[in-house]
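Secondary and tertiary structure notes
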Amino acid sequence: DGLLNSAIARNLAQGEGGLWALQYSKTLGNPFYDQPPLAYGLQSLFFKLFGDHLFVERIYCFLSALITGILIIKIWKHIFRNDNELAALGWLPFLFWIITPVVFWSYSNNMLENTMTIFDLAAIYMILKAFDTNNKTVLRLIFAGALVLAAFLSKGPVGLFPLAAVFIYWLSFKNISFSKATMYSVIVVLTPVLLLSLLFLFEQNAFHNLSEFFRHQVIDSVEGKRELAPNRYFIIK
C-alpha cells in the first residue's frame, strides 16, 4: 500500500491524473478511486518541492509522525493542565504510541492513516480547547468539524471518530450540561456535512470521486467482496 500511495502522489506531482481522478499507472488504477484524494494531494506537494526521490516519502512520513507526536503531547498537557506533575508526563503517551508495532509499521510504510491521524488529533485538540471558556467556543467547534472532514478526505469513514468526542467528554467529566453537549456535538457533526455539500456543489468531480469510492471500496468491503473473509462481521460471528 505504501508503494502504491507514493506512486500515486508522485504521479500527481508530475501532472499525471488530477486530485479528483488520481492515477496509479496508465493501465491499472486509472482513474484510482480506492481512497479519497487529500493525503495523496498533500504528499504530492512534497514531490513537487523536493523532486522525484525516495527520500521524499521518508520526509513526509517522518514529519507526519513528528506532528502527530506533538499533538499527542499537547492533548495530554491540556487534559492535565491543572496538575503540573501529570502534565510533565506528556512523553509517556507518546512513548506508548510510538512503540506500538502497528504504529511504527505504519510510518515505515507510508500509510494513509499517517495523514488522517494528524487531522483527527487536531480536531480532538480543538474540541478540548472549545470547552475551556465561552470565548471562541463555536469557532473552535467549527474548525474541529472542518478538520474531521479533512480526515475523512484522507482515509474515508474511519477518520470520522472525533464526531463522538463531545459526548465522550461529557460522559468523562460531566462539567457541562447534556443540552450544551448536544448543541456542541451538532455543530461538530453539521460542519463537515455542510462543507462537503458545498464542495459537491462547486466541484462535480469531487462528488463523482467519492461516489465511486463508496461504491467500490466501502460498500464492497462491507459486503465482503474485497476481503478473504465472507463479510465484515466474520470475526464477531
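Report on the accompanying structure. Not measured: the values here are computed from a predicted model.

What counts and how
- Throughout, residues of each chain are indexed from 1 in the direction in which the sequence is written.
- A pLDDT threshold of at least 70 governs which residues receive local features in this predicted model, and a stricter bar of 80 or more applies before side-chain atom pairs are shown or counted, although totals over entire chains, interfaces and linings include all residues.
- Computation of side-chain values covers all heavy atoms of the structure but excludes hydrogens and water.
- Partly exposed residues are those whose accessible area sits between 20% and 50% of the maximum for their type, while under 20% is buried and over 50% is exposed, using a 1.4 Å probe and protein chains only.
- Here a strand is any run of E in DSSP of at least two residues, a helix any run of H or I of at least four, and the numbering for each starts at the N terminus.
- The arc refers to the directions leading from the helix axis to the C-beta atoms.
- Contacts are assigned to residue pairs that have any heavy atoms within 4.5 Å of one another.
- For the purposes of this section, nonpolar cores are sets of buried Ala, Val, Leu, Ile, Met, Phe, Trp, Tyr and Cys residues that join through side-chain atoms within 4.5 Å.
- Any Lys or Arg side-chain nitrogen located within 4 Å of an Asp or Glu carboxyl oxygen qualifies as a salt bridge.

Details of helix α9 (residues 165–173)
Because each turn of an α-helix spans 3.6 residues, side chains separated by three or four positions end up pointing in the same direction. Within the sequence span of α9, burial applies to A165, V166, Y169 and W170. Looking straight down α9, one finds its buried side chains confined to an arc of 140 degrees; they lie on one side. Pointing more than 90 degrees away from the buried face of α9 are the exposed residues L171 and S172. Structurally, α9 contributes buried residues whose contacts are with α7 (113–130) and α10 (178–202). Looking one or two residues past α9, K174 carries a phi angle of roughly 50 degrees, positive in sign.

Details of the nonpolar core
Ranked by internal contacts, the top residues of the largest apolar core, which has 34 residues, are W97, I127, F131, L141, L147 and V166. Among the secondary structure elements, those contributing two or more residues to this core are α3 (54–79), α6 (101–108), α7, α8 (137–155), α9 and α10. By residue number, the principal contributor to this core is α7, which donates 11 residues. Within the second largest apolar cluster, 7 residues are counted, among which are I8, L22, F32 and L112.

Considering the pattern of salt bridges
A complete count under the given rule lists 4 salt bridges for this structure. The partner of E57 in a salt bridge is R58, and the shortest N-O contact between them spans 3.4 Å. Measuring nitrogen to oxygen at the nearest pair gives 2.9 Å for the salt bridge that ties R215 to E212. Here R215 pairs with E212, and both are found in helix α11 (residues 204–222), just 3 residues apart, close to one helical turn. Residue R215 is classed as partly exposed on the basis of its relative accessible area, which comes to 44%.

A short note on unusual backbone geometry
In this structure, the amide linkage connecting N30 to the following residue, P31, adopts the cis form with an omega of 0 degrees. The residue P31 is located in the loop between α1 (2–13) and α2 (38–50) in this model. In the Ramachandran plot, N110 falls in the positive-phi region, its phi being about 55 degrees despite a non-glycine side chain. Mapping N110 onto the fold places it in the loop between α6 and α7. The phi angle at K174 is positive, at roughly 50 degrees, despite the residue not being glycine. Structurally, K174 can be placed in the loop between α9 and α10.

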